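Structural overview
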Amino acid sequence: MPRLITGYDDAGKLLADPEINAVYIATPPHVHAELTRKAAEAGKPVYVEKPVARSYRECLEMIETCEQAGVPLFVAYYRRMLPDYRKIIELVDDGVIGEVRSVEIRMNKPAPSERQ
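Note that the structure is a prediction, hence the values are computed from the model and not measured.

Here's the deal with the overall build of the protein
What the protein contains, in helices and strands, is four helices and three strands. Computed over the C-alpha atoms, the radius of gyration of the protein is 18 Å, more than 25% above the 13 Å expected from 2.2 N^0.38 for a compact globule of 116 residues. In terms of principal-axis extent, the alpha carbons of the protein reach across some 50 × 35 × 30 Å. Considering the protein as a whole, with its 116 residues, one finds that 19% of them fall into the buried category. For the protein, restricting intrachain contacts to residue pairs at least 6 apart in sequence, the fraction spanning at least 24 positions comes to 53%. When the accessible area of the protein is evaluated, it comes to approximately 9200 Å², of which 56% is carbon and sulfur surface. Across the protein, the mean location of the 16 positive side-chain charges is 3 Å away from that of the 18 negative side-chain charges.

Below is the structure:
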């Protein structure tokens, strides 16, 4: 019978576990590419939180890595169907808030350094 809960303190141990059949990466973005590469090399499908990568180039490398390993790469877009987001889409589509010309995002904490 498969284990329902397993804990790891090392990504390499998790990836080596034959009972792990897919990997969800929800780490800070600066390690998404590295962990995606490791998961793909281990033959595990990858599900990555947003932002998927720090740059367009890094994203393309992640896609290529997974394609070469023959494993799927998914990005977590599940929030699109949550009620609050559906309402925002409705307001934009119906023109209730006018034409959206720009979006401003403010971070409330500094981004992690690129050091690992």
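Continuing now.
As for the pattern of salt bridges
Overall, the coordinates contain six salt bridges when judged by the stated rule. Put simply, K13 and D9 hold a salt bridge, and the shortest N to O gap is 3.8 Å. Between K38 and E34 there is a salt bridge; the shortest N-O distance is 3.0 Å. Note that K38 and E34 are positioned in helix α2 (residues 32–41) at a spacing of four residues, about one turn of the helix. Exposure remark for K38: the relative accessible area of 31% places this residue in the partly exposed category. E34 sits in the partly exposed class, given a relative accessible area of 25%.

A word on unusual backbone geometry
Residue P51 follows K50 across a cis peptide bond; omega there is -10°. By the element assignment, P51 lies in the loop between β2 (46–48) and α3 (56–69).

With respect to the nonpolar core
In this structure, V46, V48 and V52 are the most contacted members of the largest nonpolar core, which totals 13 residues. The set of elements that each furnish at least two residues to this core consists of β1 (23–25), α2, β2 and α3. A per-element tally of this core places α3 first, with three residues. The residues touching V46, leaving out its near neighbours within four places in the chain, are V23, I25, T36, A39, A40, C66, P72, L73 and F74.

Scoring rules and cut-offs
Residues numbered from 1 in each chain as written. Predicted model: local features only at pLDDT ≥ 70, side-chain atom pairs only at ≥ 80, totals over all residues. Heavy atoms only, no water. Helix = DSSP H or I, 4+ residues; strand = E, 2+ residues; numbered from the N terminus. Rg over C-alpha atoms; globule rule 2.2 N^0.38 Å. Buried < 20%, exposed > 50% of the residue type's maximum accessible area, 1.4 Å probe, protein only. Contact = heavy atoms within 4.5 Å. Areas by Shrake-Rupley, 256 points an atom, 1.4 Å probe, with all protein chains shown as cover. Lys, Arg positive; Asp, Glu negative; His and termini not counted. Charge placed at Lys NZ, Arg CZ, Asp CG, Glu CD. Salt bridge = Lys/Arg side-chain N within 4 Å of Asp/Glu carboxyl O. Core = buried A, V, L, I, M, F, W, Y, C linked by side-chain atoms within 4.5 Å.

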